[in-house]
Each structure stands twice: as C-alpha cells, then as structure tokens.
Amino acid sequence: MTNACLPSHHLSSRLSRPLAVLSALAVAGLPQLALAAEAAGAPHLDGRELGAVWVVPFAGILLSIALLPLLTPNIWHHHFGKIAAGWALAFIVPFAALFGVDLAAFELLHTALLEYIPFIVLLTALFTVAGGVRIAGSLVGTPMANTVGLALGTALASVMGTTGASMLLIRPLLRANEHRRHKVHTVVFFIFLVSNVGGSLTPLGDPPLFLGFLKGVDFFWPTVHLIGPMALVSVCLLAMYFALDLYLHTKDPGKHPLIEGVHEREPVRIEGAVNLLLLVAIVGAVLLSGVWHPDAGVTVFHVHVPLETIVSQALLLLITGLSLKLTSAHSRRLNAFTWGPIVEVAKLFAAIFLTIIPAIAILRAGTEGALGAIIAAVNDNGQPVPAAYFWAAGILSSFLDNAPTYLIFFNTAGGEPQVLMKDLAVTLTAISAGAVFMGANSYIGNAPNFMVKAIAEERGVKMPSFFGYMLWSCGILVPLFVVVTWVFFR
C-alpha cells in the first residue's frame, strides 16, 4: 500500500449521502494536495511515529457520548460542547508541545478547511432544505404503512444520499407514529435501512462509493455488484421490522383517532415543495466540485483549498438561505423544525474530526503503523481474503470514518480500479459493503445516525444510549452480516 494514494485525514462524514459527498470530494483530492504541500515545505505528520496512546482523546469523546448522557444527563445536556472541546484540547495541546506548533496549526487548518467546514456546510444545507418539506395531512403509522415508508426511504437513499433521505423522511415518520407507545424500534430500523444500507447502490448514496467512482470505479458498478447483498439485508430487515411492529401494534393500547373513526381523514399533501427542487440543487452543487477542476484556489498556511470546493460551499450556503426565505416559517414550526440537532452535531463532530487525526494517520501508515496488524490480516500469502476485507472495513467504519477506511482497503487490495472491478470484484464488493453497511453499527458510524437520533429525541422519543443502540445493532445486524459473509464473501 502506498501512502501517497491515501487520504491524509479524517473526513467524518459517513454522512451519507450525498451528505458528506462534498467532504468526500475534498478527501479524494487530498493525496495530491498533501504531496504538493509537503514538496512546498509544509509540515508533515508521519503515522509511523504515533503510538496507540494518541487515540485516547478520540476514545474519550466516544465514551463521553456513550456514557455521560446515562450517568450525568443534566451535565451532559448543558455542557456537552465544553466536554467535546476538552477532549479536542487534550489532543491538540500535547500534540503541539511534542511535534511543534507549526504541525499542529497545519493539521488544525487542514481538518477545518478541507473536512469539517465542507462537512458542516453540506449537513446544514441538507438539514435546512429537507426540514422545509412538510408532508401534511393524515399520516397513520400502521405496521404496513411504516414498512412501506422504510422501503421507500431505503430506495431513495441511493438516489439522494442517506442523509438527504433521512432528513426528508424522519419527521413524517415520527409524526405518523405520535400516537404509538412503542416508537424506538421504528427509529432504530430507520437508521439501519435509510441512513445506511439504502445508500449502497450508487456513488451518490454514500461517500466511500463516491470516492471509488473518483478513483475510476464505474458509476453503476455498485448497482450491479451490491444489489445482492443490499437486497438480502434490506428484505430481512424489512421483514423483521414488520413482524416486530405488528406485534407491538397489537399490544399498543393507544389508537389513532382516524383508526377509531373520530376524525375524518385529511388528504396527504406536500408543503414547501420548492425544497425538493433545492435538494436537486444540492446534488448539483456537490457534483460540481467533482467534475469542475479549474486548477485554482486559496492557500492558507500550506493548506490549499480548491476553487471548486469554495464555489460548492458558497452555492450550498446560498441554497440554505433560499430555503429559509422561500419556506413558510409556520410550516417549519408545524414540522417541528429547530436548530438544536444541527448545533449538537456541529459541536460533537468538531471534536471527533480533530481527535480522529492521529487514528487516521496511524491507519494510513499501513503495516508500519500501530494498527498494522489489521491491515496485514486481510491478505493470505499475498491474496486478498474478501471476508476479512468485509469485516475489517466494516468494523473500522463503525467507529472511525468510512470514506478514508474505504480508500485504505481499496489501496491495500491493489488500488487498480480495472483489476478490482473485474478480477477482484468480490474483494471490492466486500470493501464497499463493509464500509456502507456497517456504518449502522453505532450512532457515530454515519452522520445521519446521530442526526436522526437527535431529531427523534427532540420529538420525545426516548432513544437507546450509545451502548443500548449497539445491543440492537449487534443483535440484529451482526447475524445478518454473518449471513452476508457466508453467501457472498466466503
């Protein structure tokens, strides 16, 4: 594996998407930018020099997200931003002391300008625009209606990205089930299907696939090769959900007024339909930075920000403003739209983006890094082991970032798209499926997961804790992934 082919940092976006596709675009160009910056005298972080202790701040922010809402909910609710900032400082201060202020400043600017800002701008645009679409009328969360809604969201995720589909559909789904006592399972399966598995069929669905597309993988290659694993997982999840929801529905003492015949059914209609056009505009703004390369930009302390990235972010901010201007404030209030979820994600992911820098650098060092055993384990006598690639890419994508993780294993398997698409098609399928599917294993595995959780909690749904959610994912998803391994990757 050649380090020159790998991204230099974290692109925390498993966002979905095209969510985080903009960040993915930035990462796709980072190897060349990093080499150019190094040649120009920029500071350089060598992952071979970092021990596993540098991952402690990253583990700290993850454990804080997992445990503090349970142990000290009031403190966490009022001070999670300060706690996140504390872990960020726990990394950057000793890093600057040991490796120099110049390298620390370079890493901070690199992460902020090329990864975090594009990430949060795109996420804000999708959150705002999708939050302006209100499906009004009589929505009744019956088991069949909920299952159809999850299936629709799963299909849309590969077209508009997992984040776009999640932000568009989670509020209508929550409103349709307001009368239900048992709602947590619906949100959990929504995260499984719409926020993750559904984005596996096109490069627009999830950033790892978009990076593969930029590396030379055909646009419809994932459609052909991942349709089997995706269909198996989706059908099983939808069947399990329908059976569970049907059982819980029969045990639910609350009945919707429409079911009891108290109120007349109001026709379903869409308010704020202009936002559907703006969602298309977001996809266009994202794709612009992938097809337009004017070879210009701005350099800030050795960090080169391409002009296409600047223009794309400006367009996304413009689209966000247009959505706020063109959407009725009353409709947004009825849609329960608030800025709380995006503020929470912005603060927490700022710390995650920063503290994950050494983890990605160590992985980028390949077999010479502190995590080299993981890289070495996926090959047997020089031959790739698809099952090992599936689980290694998936487990790392569950807690780190699936975009750079995908590229790491893409290059570990040879990095030649024509060879990977043909002779090693099973291996590339395993890498792709692991990176996309297993983002559902934890709340931080994909940005839409955390967004959906935050919106659901704001609507009064008592979501599982970090580890509580993982009990769901380990109990439901992991056995399914074992089946996928046996059917497709053995």
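Computed from a predicted model, the values in this text were never measured in an experiment.

Overall, the coordinates contain 24 aromatic pairs when judged by the stated rule. Aromatic pair Phe219 and Phe220: ring centres 5.0 Å apart, planes at 75°, arrangement edge-to-face. Judged by its relative accessible area of 27%, Phe219 falls in the partly exposed class. When the ring centre of Phe450 is taken as origin, the NZ or CZ atom of Lys453, which lies over that ring, is 5.5 Å away.

Side-chain pairs of opposite charge can arise where the charged atoms are in close proximity. In total, this model carries four salt bridges according to the counting rule given. Between Asp46 and Arg48 there is a salt bridge, with its nearest N and O atoms 2.8 Å apart. What makes Asp46 buried here is its relative accessible area of 16%. A salt bridge links Arg459 to Glu178; the shortest N-O distance between them is 3.0 Å.

This paragraph deals with unusual backbone geometry. Phi angles above zero are rare outside glycine, and Asp295 is one such case at about 60°. Summarising the element assignment, Asp295 is placed in the loop between helix H12 (274–291) and strand S3 (297–300). The phi dihedral of His302 is positive, around 75°, even though this residue is not glycine. As for its placement among the helices and strands, His302 is situated in the loop between S3 and strand S4 (303–306).

It is worth spelling out helix H18 (residues 386–399) at this point. Compared with an ideal rise of 1.5 Å per residue, which puts 14 residues at 20 Å, H18 spans 21 Å between its outermost C-alpha atoms and is within 8% of the ideal. Most of H18 is tucked away: ten of the 14 residues are buried. Residues of H18 that are buried: Pro386, Ala387, Tyr389, Phe390, Ala392, Ala393, Gly394, Leu396, Ser397 and Ser398.

Before going further, it helps to spend a moment on a nonpolar patch on the surface. Nonpolar side chains collect at one region of the surface, where Leu63, Leu67, Leu70, Leu71 and Phe467 lie side by side and expose about 480 Å² of accessible area between them. With four residues, the single largest contributor to the nonpolar patch is helix H3 (residues 56–71). Tracing the backbone through its elements, the reader meets Leu71 in helix H3. Take Leu71: its relative accessible area is 63%, and that puts it in the exposed class.

What follows is about the side chain of Thr202. Within the secondary structure layout, Thr202 lies in the loop between helix H8 (184–193) and helix H9 (207–214). Of note is the side chain of Thr202, whose polar atom sits 2.4 Å from the backbone oxygen of Ser158. Ignoring any residue separated from it by four or fewer positions in sequence, one finds Thr202 in contact with Ser158, Leu209, Phe219, Pro222 and Thr223.

Okay, the packing of helix H15 (residues 340–355) against helix H22 (residues 447–458) next. Two numbers describe how H15 lies on H22: the axes approach to 9 Å, and their chain directions differ by 140°. It follows that H15 is oblique to H22 by the angle criterion. The chirality of how H15 crosses H22 is right-handed. On the side of H15, the interface is formed by Gly340, Pro341, Ile342, Glu344, Val345, Leu348 and Phe349, while H22 contributes Ala447, Phe450, Met451, Ala454, Ile455 and Glu458. Tallied by class, residues from the contact of H15 with H22 come to ten nonpolar, one polar and two charged.

Bringing the confidence of the model for the protein into the picture now. Looking at the protein, the pLDDT average stands at 81 and 87% of residues meet or exceed 70. Looking at the elements of the protein, mean pLDDT is at its lowest for helix H1 (residues 21–28), recorded as 38, and at its highest for H8, recorded as 95. Across residues 1–39, where pLDDT falls below 50, the model places 156 contacts with residues more than four positions away in sequence or in other chains.

Another point: the pairing of S3. Sheet analysis places S3 next to S4, joined by four bridges and oriented antiparallel. Bridge pairing links Thr299 to His304 in S4. Between S3 and S4, which pair antiparallel in sequence order, lie two residues; one of them, Phe301, sits at a positive phi of approximately 50°.

Residue pairs spaced three or four apart in an α-helix point in one direction, given the helix's 3.6 residues per turn. Its axis deflected by about 35° at Ser64, H3 carries its strongest bend there. Three or more residues of H3 are buried, namely Pro57, Phe58, Gly60, Ile61, Leu62, Ser64, Ile65 and Ala66. Where H3 is buried, its residues contact helix H4 (73–99), H15, H18, H22 and helix H23 (466–489).

Closest axis-to-axis distance for the helix H6 (residues 143–160)/helix H7 (residues 162–176) pair is 7 Å, and the angle between their directions is 155°. It follows from the interaxial angle that H6 and H7 lie roughly antiparallel. The way H6 lies across H7 gives a crossing that is right-handed. Side by side, H6 and H7 meet where Asn146, Leu150, Gly153, Leu156, Ala157 and Met160 of the first sit next to Thr162, Gly164, Ala165, Leu168, Leu169 and Leu173 of the second. Partitioned by chemical class, the residues of the contact of H6 with H7 number eight nonpolar, four polar and no charged.

Inspection of the secondary structure assignment puts Pro386 in helix H18. Pro386 gets classed as buried once you look at its relative accessible area, which sits at 18%. Distance from Pro386 to Ile431, taken between C-alpha atoms, is 7.8 Å for residues 45 residues apart in sequence. In this structure Pro386 touches Val426, Thr427, Ala430 and Phe489, once residues within four positions along its chain are discounted.

The topology assignment puts Ile92 in helix H4. Given a relative accessible area of 14%, Ile92 falls into the buried group. With 265 residues separating them in the primary sequence, Ile92 and Ile357 have C-alpha atoms 9.9 Å apart. Those residues within four positions of Ile92 in sequence are excluded, and the remaining contacts are Ala104 and Leu354.

Definitions and cut-offs
Residues numbered from 1 in each chain as written. Predicted model: local features only at pLDDT ≥ 70, side-chain atom pairs only at ≥ 80, totals over all residues. Heavy atoms only, no water. Phe/Tyr/Trp six-rings, centres within 6.5 Å; stacked < 30°, edge-to-face > 60°. Buried < 20%, exposed > 50% of the residue type's maximum accessible area, 1.4 Å probe, protein only. Lys NZ or Arg CZ within 6 Å of the ring centre and 35° of its normal. Salt bridge = Lys/Arg side-chain N within 4 Å of Asp/Glu carboxyl O. Helix = DSSP H or I, 4+ residues; strand = E, 2+ residues; numbered from the N terminus. Expected span 1.5 Å × (residues − 1). Patch = residues over 30% accessible without salt bridge, like charges linked within 9 Å, V, L, I, M, F, W, Y side chains within 5 Å. Areas by Shrake-Rupley, 256 points an atom, 1.4 Å probe, with all protein chains shown as cover. Polar contact = N/O pair within 3.5 Å; in protein donor to acceptor, adjacent residues only side chain to side chain. Contact = heavy atoms within 4.5 Å. Axes fitted to C-alpha atoms, helices over the stretch in contact; angles between N-to-C directions. Parallel < 35°, antiparallel > 145°, perpendicular 65-115°, else oblique. Left-handed = near helix turned anticlockwise from the far one by under 90°. Nonpolar A, V, L, I, M, F, W, Y, C, P; charged D, E, K, R; others polar. pLDDT = per-residue confidence, 0-100. Pairing = 2+ DSSP bridges. Bend = angle between axes of the 7 residues up to and from the residue.

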